Structures are given as structure tokens and as C-alpha cells.
There are 2 protein chains.
Amino acid sequence: MNSENMSQRLDAVFHPRSIAVVGASNTPNTYGYLFMDYLIKAGYRGVLYPVKPGSEEIMGFKAYPSLKDIPGDVDYVISCIGARYVPEMISQCPERNVKCIHLFTARMSETGDKKGHALEQEIASEAARLGIPLIGPNCMGLYHPEEGISFAYDLPKKPGKVGGIFQSGGIAVNFARYAGVRGVAFSKVISYGNAAGVNECDLLEYLAWDKETSIIAIYIEGVRDGRRFFKTLREVSAIKPVIVLKGGRTGAGTRSSFSHTASIAGSLNAWEVMFKQCNAVQAADMDELVDLTVAFNSLPAITGKRVGVIGGSGGKVVLSADECEQSGLDVVSMPGDVMDTIREKAPELVNWLGNPVDFSILGGTSLNPMDFMQIMAGSIGFDFLICNVTEENPFDHTVWAQLITMEVNEYLRVLSGGMMPLVATIANPGLGLGNTGEWHWKNLLERREEMQSKGIAVFDSVRKAATALSKLVNYYENRKSIGHGGSK
Amino acid sequence: MNSENMSQRLDAVFHPRSIAVVGASNTPNTYGYLFMDYLIKAGYRGVLYPVKPGSEEIMGFKAYPSLKDIPGDVDYVISCIGARYVPEMISQCPERNVKCIHLFTARMSETGDKKGHALEQEIASEAARLGIPLIGPNCMGLYHPEEGISFAYDLPKKPGKVGGIFQSGGIAVNFARYAGVRGVAFSKVISYGNAAGVNECDLLEYLAWDKETSIIAIYIEGVRDGRRFFKTLREVSAIKPVIVLKGGRTGAGTRSSFSHTASIAGSLNAWEVMFKQCNAVQAADMDELVDLTVAFNSLPAITGKRVGVIGGSGGKVVLSADECEQSGLDVVSMPGDVMDTIREKAPELVNWLGNPVDFSILGGTSLNPMDFMQIMAGSIGFDFLICNVTEENPFDHTVWAQLITMEVNEYLRVLSGGMMPLVATIANPGLGLGNTGEWHWKNLLERREEMQSKGIAVFDSVRKAATALSKLVNYYENRKSIGHGGSK
């Protein structure tokens, strides 16, 4: 089938009215149990059919011995059965008008075994002949919070605007989990494994035109059709940011990717050149994939790199300046309009105060940190601000908690004024359980969640914020220079 | 005074029998209060003399109007008074046989103001003339847990083997805090600010021969005497690992460092060449300074780069391989002795299983992950192992918690066998307060603390572990090739 057909078909299958879990089970901690459990916990509203020979009932739902015994149409099939049983199951799909098959089932081409490879080919050909899109094998399938479909029990239930395409199921689940606790919500995330049927290009084309999706995150190990991928990625990147993490960048990674999803990972240089030509946003690792998603999820289309860095004292300010400049941002000198205010209100600071702003030197002057932040947020000399939430506070925890609450409230006040895009950094340095432990952790997390919920992009460190912002600005600058809309 | 004299003097002052806090105060959240409070909370066992005119008593201790009114000798003075009062205070020091003065007092050369600069010069000259080492101005002074001396209220009380030399007080406090919750304990950490008296070379020489210190971490913005620093750093690095974070690596950072500690930061290239020639261990940022300290604190002198990576499934394994290889480690193919075992126990995996090991493919074979780990730990083909604590677990939290507890117990069992240096990674991805929140965070932290307390080096991610290990191996390889002991 051609790719337009595939996109239309995928749109139908991502909103399934009924799902059959083939190989469902009442035994906890088997995948036949877990896929049922995920759907139940995510609140799937359609009809759920567990399929297992010899069972009357599974997890409170009437069970059927096989697909063909189900009394109605099945839009979506999740297969948790062994590889050798899959051909028989597929042969029953047309009778139930199945619109899509997800093979969690693995042990095919990724084993490096000829038989496994041949079985995968046979299954894929048969599904193609029947016109049924096949997701997998060897993958987690679909997370679509709006429909109550999930591939884990602890992912955000609220839908959002980030779409995901993941060759690896583990990475897909962790991405949704880690970006989720950073305030990101999702349209749909698809783990597609060995890509014997539906592949990364089909999914990219689908998400490109999906109204629920504004940003796309991808993890790929290899692609089936390099030319089509290049063309698709370039076209989609002109419409929406596409953030790419490439697995198998090194010799060892390439060997691993073959035994994971049977992918030929290819040379790193070729990939990097392609990503650059496509204006895809490259993530260096998993942490950065999440950071970039947070940045694009919360920030507008910033197209300038002049950064003002607010807060932190002494060494923190020196390191913040280094990290911003090393990431390619312009740590501009304090703009003229801000300097005019300093000259007027605290002339003793004229030769001292710089960008980044060391808040600790404002003590005893007529400028307090909060007012100063307002002045910077109103300056025409910055494109955006990075705000370091105070971490070096010398006081005990009650006072410190009050102070960072005040500070965060001020960031929120500045943000609500809408004068300037704001980014916040708040440390997550692996806090302990002892005396620096729980209160500190909870307070940091509460402040972080408060900021996230109001739309501030929050990062662990200035380095991470600066890296993400630099890539975000590059993306929007490049997109502007080549013009919006589906370029050729 | 010459540097040998300085080292002897510093040794005396780091074990002070009495401390005067000049400018002490009963007003909470002033530094005159905080420095008293830090000493009290850290359990300082010597005599404590608060000094403040007009006060009878401060925080339960008899107060004195000035240094000269104190009825006994004062070994160590912490000055929290304004800069202009310092000369008078210094003039009283000889009468009390003061052995060291710490000037928390700031607003001197770092302001960029000529008067501040002149005052600093005057104070430093006078202290030198009197033969009293001066720490600062503009710094946090001393954290020495064995003596109950601290510059913050929440640092580890148990002494350890890491020494620190920090030009920035904020960075010093955060370093001790963040490395502390990662299982590191300290001999002594000194924040020395503008370095008008005691400087980075004096401190480096002192810690080089300090029996309590095995590893040295340094944060510098600039040095007073480049030639001496080079010579000292090279000599000390031949004896103990010296981990260096340089602030002011960029144009913007250099400008900031001048207004922080009046340092001339100099060109990055010159610094990097020097660090390399000295075999100093360079940290790229604050996170890495902590990671490297954790690595050197827990691991032996590993001199080979052949890494085995244990655990994780699918994409995690691919990315782990990439990250190890990009960090310069050798992700060797599975060694022959391990392959022999696979051929014998699970021949179906011979073409599939690689290094890193994807645990998820062991299911249904006669090899379980824990046994497999033992086999790898016994192989002569690896120099060390990186163990990914399982994060992608599909089960709910009770089962997951049981599984990671079992897994961590197995790491501890392998470690206690002493067969192989072990590194563990456990995610700290900024977990939330919601349904993925507290239980998950607590469990991860409890497992992390358990491993740390047993001497395993624990990192947030394979990237961080691999970066730290690669630098650790480089350090020991280079040291071996130039010979141990104080080389010239």
C-alpha cells in the first residue's frame, strides 16, 4: 500500500473501538496480564477482548479461545503469543475486520537466527497481502492517553502535544515516564521495534499531519529506506520540530542495535550530515532527548541567542557564563537600558554587576533581586532569560524554603507579564535520604512542578538549559531562513 | 614566608583549639549568627569565642567586645565584620597568638573598585608582616568534619578521604553537599576566595602531604603564580589524583570571574595543555566534578579500559554501548571464557548475546541474569563492569521494588567476592511527586545509598559513569607510565 493509504489507515487504528489482547492471562507479571492491566489502568473506553484457549474469563472480561470466536469486529490486536503461533492468528484477522496488528511477540529477526528472520518475513508479507498494518514485531506498541491506551501503568493520563516514534520499547516507556514527570504530555507514542510492517517513515508522515501532535520525538537505530527517510524527515521538520536520538552511533552500539532490532545502524557521519540537512534537532543522549522535548513543549519559537542569566552567586555565575557560551548562546554584556537603571539606582555597582547577575552583590544597595529580574525581563537587549533558582542558600531549611518559594513566585509573576521567554534551572543532584534529604527534595520538586504546571521550561542545570535552548533557537532560525510549510 | 613554613602553619591552624567569630550575632540569618551556628551544629569541640561590642552573650556563649578582651589564646579567627573594621582587628591578633585568620568579609578587590583593592592589599601585607596566614577575603573558609568545623549546616559529619580547594564559597558548599549525598566523605574543604593570603598552591602543597587526604578536588578561576601552580599541580598529581574544575573558560566566564574573585582567568587552551601535562583530571562542569570525585573515592587504580556492561534491555543496551565507546572505553566483544559458558549453557544465544548484555533475551534459557553477572565478573576479559540497575521494568511498584532489591543484592554479592571493580548506574531523572513519584524515588535512593555505603561507585547514567571511568583509567595509566611518587 502507498504511504497516503498508510496514513489514513493509521488514523483509523489509533482510535480503535475494540482491542483484542491475544495471549491474555490471569497470571500477574506475564505480558498477557500486563497489556490488559495497562489498558484497564489507562481507562480504555472501547471494548476489550482477551483471547486465550481454555479460559472463560480473564481479569473480569469474557475470554475467547481465538480471534475468530469474538462476536464482533476487532479494530486493534495486541499479540502476546509465541512467534510460531502468529501466522495462524493473522489468518483469522480479516474475518474480524482487524485494522491493525501490534506484535509484542518477539524472537524473530533480532535473534540473528535465520529461522526467526524467515518467520518475520512470512508474517510481514501475509499482513501486507491482507492490507493490515503491522506494528512490530518486538515492541511495546501504542500509548495514546486520549483513548486510554497505554504500554505502561504509570504514564500521564492527560493528553498533550508531543508525539513519539520509538524503535525501542524500553526507551519509549522511559521517555514517556521521564518527560512526563518534567511536565510533558503526549498525543501518541508508538514503539515499533523491528519495523517489519509499519516503519519510521509511515509514522513520521502520520504524525506530521496529526492535529494532536505539535512536536515529534524519535528514537531510531536504523531505517529501512534511507532515501525516503531523508525526504520525509526534511519535509516534516519544516512543519514541526523533530527531535532525533540515534542509537548505534559507534561500533559497539551498531553491533548492539543489530541484536536488538536487527537494524543496520550505518556510519555516524552520514547520519549527522543528514540530520543537519533536514533541520532535525539532534539529541546527544536520552537525557537530552527529554530536555529538548521539555524545551520545545514549553517555549515559543525563539530565534535569537542573546541570553540574560539571572541569579546564583559567585562561582555559580562564572560557571553559568561558561556553560551558556560553550553551548553557543550569546552571553551579551548587560544591555544599555538595564545599565541606565543601575547607574540611577545603584551607581556603586556599575563596574561590578555583569551578565550573569550575581544576586549576592546586590545586598545593601537599593536594588533587590526581584526588582532586578523585572528590569532584565523588560529589556530589549535579551532574547530570553535563564533563571537559576537559588541553591547555595546558607540558611536552614525553613528559611530556605520560604526564600525559594518567594523567588519562584517572582518568576511566575514575570512570566505572566509575558515580557520575555523564561527558562528556570533547579538542581536535581541526587539528593539523599538523610538530613539533606526529604524536605530538600520535596521542596525542590514542588517548586519545579509548580513552574512546569505554569508553562516554564525547567532544567537541572544551566548546562542542560543552555544546550537545549541553543538547539531550539537553531531549529527556529533555520526554519525561518528556509521558509515555513512543507518545503521540498 | 616560604611554602614549607606555610604548610606547617596550615597544619596547626586546621586543628584549632579555639575559634573566635568576630562579628558574631544573635540575629538569625546574618552570617555572624550562621558561622556560630555552623560550628555548634558540626559539633566543634574547642573553645568558641563570639566577639561583638556591647553583647554579654551570643547564642549561649560569653561574648567579648574585641579580640584583645578574650582571656586566652585564639587559634583561628572567622571575620564576619565589614571590610573597614578588619585592619583594627588584625592589629589585635598577635596579642592572642592567632594562628590563622579567615575573612568571610568581602567587598574588596572583587568589586572592581580601587579603594576595595587597596584595602585588600593593606590587610594582606599586614597579615604577612605578622606571619599570620590569611584565608580570603570573600570566602567561606574551612569545613573540617573531624574537628567539627563547618561552613554550612547540612554537610556530612563523618570524616573521609576527599580534600577540597575552592575559590568559590557557593561552589564549595554545593560540592560538599552534592558529593556528600553521593556517599563521599571529606578530610577538609577550604574555600579561599580572593586568595590575598593563602592561595591555591599553598593549599595544594598542604593537602598533598596531608595523611587524611587521598583525593583532591579543586575549583579555580585564576591563579596568582602560574609557574608555581604548574609545578605544584604536576608534583601533587603524581602522588594523589587532583580533579580540577576551571571556572572562566569562556569570554563571558572570564568577565564573570573577574567580578567574582578578581581573577584573571586566562585562555582555555593554555589551561587545558597545562592540566594534561600535569596529569590533572579535568572536570567539564560541576556535575562531572562530583562524578569524578565519586569514582576516585570508591574505585581502585584501574588501568585498563575493557568494559563489560551488564543489564538493561533493548535500546538501553544500544545507547550504553554508544556512550561507553564515545567516552573512550573499549566495549570489547564478549570474551572467550564467557562465550564458552554460553555455548555450553544456552547455545541458542551464541549469535545473539553481546556486550552490553541485554538481560531481556535471557528469558526461557538456562541462564538467568544473576548467574550471568557472576560469569562476567569472573572473566579475565574485562577490566571492570558497569551494571545498569533495571529501570524499564514493566511491573507495578511492589514487584519492581522486589526485583531491584534482588538485583542490587546480587551486585553487592559480586562486589564482596572482590573479583572485579563494579560501577552501578541508577536513574535520577527528576522524578515527580505524583503517581510515579515518592515510592519510586525512595526506592531508587535507598538502593543507591545501600550500594554507596558498601563502596560501589554509583552514577545517574551510563554516560556519566563512562565519562568518569575513562578519565579515572587515563589518570592511573598516565601515572603508571611516569612512575609513582613525587616526580619532577
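Once a new chain begins, its residue numbering starts again from 1 and follows that chain's sequence as written. Chains and ligands are labelled by the order in which they are written, letters from A for the one and numbers from 1 for the other. In keeping with the predicted nature of the model, local features appear solely for residues at pLDDT of at least 70, side-chain atom pairs appear and are counted solely at 80 or more, and the whole-chain, interface and lining totals rest on all residues. To get the side-chain values, all heavy atoms of the structure are used, and hydrogens and water are removed first.

Draft legend 1. Just the relation of the copies chain B and chain A, in detail. The transform that puts chain B on chain A rotates by 180 degrees and translates by 0.0 Å along the axis, for an RMSD of 0.0 Å. Viewed as a symmetry operation, the transformation between the two copies matches a two-fold axis. Rotation axis and chain B: the residue whose C-alpha lies nearest the axis is asparagine 428 of chain B, separated from it by 3.9 Å. Here the copies were fitted onto each other by least squares, based on C-alpha atoms from residues at pLDDT of at least 70 in both.

Draft legend 2. Expanded view of the side chain of threonine 213 of chain B. Residues and elements named next belong to chain B. Mapped onto the fold, threonine 213 is located in the loop between helix H6 (200-209) and strand S11 (215-220). Two N or O atoms count as a polar contact when they lie within 3.5 Å, although within protein this holds only if one can serve as hydrogen donor and the other as acceptor, and sequence-adjacent residues are included solely when both atoms are side-chain atoms. Side chain to side chain, threonine 213 and serine 187 meet in a polar contact 2.7 Å long. Those residues in contact with threonine 213 that lie beyond four places of it in its chain are Lys161, Gly163, Ser187, Lys188, Leu207 and Lys240. Helix numbering and strand numbering both begin at the N terminus, where a helix is a DSSP run of H or I of at least 4 residues and a strand a DSSP run of E of at least 2. Residues are treated as being in contact if the distance between any of their heavy atoms lies within 4.5 Å.

Draft legend 3. Structural view of the environment of asparagine 409 of chain B. Residue and element names in this part refer to chain B. Inspection of the secondary structure assignment puts asparagine 409 in helix H14 (residues 397-417). Here the term buried applies to any residue with accessible area under 20% of the maximum for its type, exposed to any over 50%, and partly exposed to those in between, with areas from a 1.4 Å probe on protein chains only. We classify asparagine 409 as partly exposed; its relative accessible area is 38%. Residues asparagine 409 and lysine 161 lie 248 residues apart in sequence; the distance between their C-alpha atoms is 26 Å.

Draft legend 4. Region of interest: the domain arrangement of chain A. All names here are of chain A. Each domain's limits were defined by an automated method or a database of domain assignments. Domain boundaries assigned for chain A yield domain 1 (3-133), domain 2 (141-298) and domain 3 (307-482). The C-alpha centroid of domain 3 is placed 31 Å from the C-alpha centroid of domain 2. As a working definition, buried area equals the accessible area (1.4 Å probe) given up by two parts on being put together, with both sides summed. Where domain 2 abuts domain 3, roughly 1,500 Å² becomes buried across the two surfaces, and 55% of that area is made up of carbon and sulfur atoms. For domain 2, the biggest contributors to the area lost against domain 3 are Arg182, Asn279 and Phe296; these three give 33% of the whole. A pair is scored as a salt bridge if a Lys or Arg side-chain nitrogen falls within 4 Å of a carboxyl oxygen belonging to Asp or Glu. Joining domain 2 to domain 3, the criterion identifies two salt bridges. Ionic pairing is found between lysine 471 and glutamate 288, a salt bridge with its closest N-O pair at 2.5 Å. For the pair domain 2 and domain 3, the number of links is 10 residue pairs in polar contact (both at pLDDT 80 or more). Of all the secondary structure elements, the ones that give two or more residues to the side of domain 2 that touches domain 3 are strand S13 (281-283) and helix H10 (286-298). Here the term charged refers only to Asp, Glu, Lys and Arg, the term nonpolar to Ala, Val, Leu, Ile, Met, Phe, Trp, Tyr, Cys and Pro, and the term polar to all other amino acids, Gly among them. Taken together, the residues of the side of domain 2 that touches domain 3 sort by class into 11 nonpolar, five polar and five charged.

Draft legend 5. Structural detail: the pairing of strand S6 (residues 100-103) of chain A. All names here are of chain A. Neither face of S6 is open: one carries Cys100 and His102, the other Ile101 and Leu103, and all of them are buried. Think of it like this: strands point away, you trace from the first strand over the helix to the second, and a clockwise trace means the crossover is right-handed. Remark: the strand S5 (residues 76-79)/helix H3 (residues 86-91)/S6 crossover connection has right-handed handedness. Taken together, the two bridges between S6 and strand S7 (residues 134-135) define a ladder with parallel strand orientation. Considered in S7, the bridge of histidine 102 is made with isoleucine 135. Here, any two strands with at least 2 DSSP bridges between them count as paired.

Draft legend 6. A look at the packing of aromatic side chains. Two rings from Phe, Tyr or Trp (for Trp, the six-membered ring) form a pair when their centres are within 6.5 Å of each other. A pair whose planes differ by under 30 degrees is stacked, one over 60 is edge-to-face, and the rest are tilted. Inspection of the entire model under this criterion finds 30 aromatic pairs over all chains. Considering the side-chain rings of phenylalanine 229 of chain B and tryptophan 271 of chain B, the 6.3 Å spacing of their centres and the 70 degrees angle between planes classify their relative orientation as edge-to-face. Of this pair, phenylalanine 229 of chain B sits in helix H7 (residues 226-237) while tryptophan 271 of chain B sits in helix H9 (residues 268-278); the two residues are 42 residues apart in sequence, bridging distant segments of the chain. Residues phenylalanine 229 of chain B and tryptophan 271 of chain B agree in their burial class; the two are buried. Put simply, the rings of Tyr143, Phe151, Phe166, Phe175 and Phe186 of chain A touch in pairs and so form one group of aromatic residues.

Draft legend 7. Region of the structure containing the interface of chain B and chain A. Contacts between the two partners involve 84 residues from chain B, matched on the other side by 83 residues from chain A. Of the roughly 7,100 Å² buried between chain B and chain A, counting both surfaces, carbon and sulfur atoms make up 53%. In this assembly, chain B and chain A are joined by four salt bridges. For arginine 249 of chain B, the salt bridge goes to aspartate 322 of chain A, with nearest N and O atoms at 3.8 Å. Taken together, chain B and chain A are joined by 20 residue pairs in polar contact (both at pLDDT 80 or more). Top contributing element to the side of chain B that touches chain A by residue count: helix H11 (residues 315-326) of chain B, with 10 residues.

Draft legend 8. Molecular detail of the nonpolar core. As used here, the term nonpolar core means buried Ala, Val, Leu, Ile, Met, Phe, Trp, Tyr and Cys residues forming a set that is joined through side-chain atoms within 4.5 Å. Core analysis: the biggest nonpolar cluster contains 111 residues, and Val21 and Phe175 of chain A have the highest contact counts within it. Examining the composition of this core, we find that nine residues originate from one element, helix H16 (residues 462-482) of chain A, more than from any other. Filtering out sequence-adjacent residues up to four positions away, valine 21 of chain A remains in contact with Gly32, Phe35, Met36, Leu39, Leu48, Tyr49, Pro50, Val51, Ile78 and Cys80 of chain A. Of all hydrophobic cores here, the second largest spans 108 residues; its members include Val399 of chain A together with Tyr38, Tyr44 and Ala468 of chain B.

Draft legend 9. Region of the structure containing the packing of helix H8 (residues 251-261) of chain A against H11 of chain B. Put simply, H8 of chain A and H11 of chain B touch, their axes get as near as 7 Å, and they point 170 degrees apart. Classified by the angle their axes make, H8 of chain A and H11 of chain B are roughly antiparallel. On H11 of chain B, the residues that touch Gly251, Ala252, Gly253, Ser256, Ser257 and His260 of chain A of H8 of chain A are Gly315, Val317, Val318, Ala321, Asp322 and Glu325 of chain B. For the contact of H8 of chain A with H11 of chain B, the per-class residue count stands at four nonpolar, six polar and two charged. Every axis corresponds to a line fitted to the C-alpha atoms, with the helix fit spanning only the stretch in contact, and the corresponding angles, defined between N-to-C directions, vary from 0 to 180 degrees. Angle categories are assigned with fixed cut-offs, so that under 35 degrees is roughly parallel, over 145 is roughly antiparallel, 65 to 115 is roughly perpendicular, and the rest are oblique.

Draft legend 10. How the structure looks around the pairing of strand S1 (residues 18-22) of chain A. Residues and elements named next belong to chain A. Across the five residues of S1, five count as buried, placing the element largely inside the fold. Side chains of S1 alternate between two faces, with Ser18, Ala20 and Val22 and Ile19 and Val21 buried alike. Strand direction decides the pairing type here: S1 and strand S2 (residues 47-51), joined by five bridges, are parallel. In the sheet register, serine 18 faces S2, and the bridge partner there is valine 47. A crossover connection joins S1 to the parallel S2 through helix H2 (residues 31-42); in handedness this β-α-β unit is right-handed. Pairing analysis gives four bridges linking S1 to S5, with the strands arranged parallel. Each residue of the ladder has a partner; that of valine 21, found in S5, is isoleucine 78.

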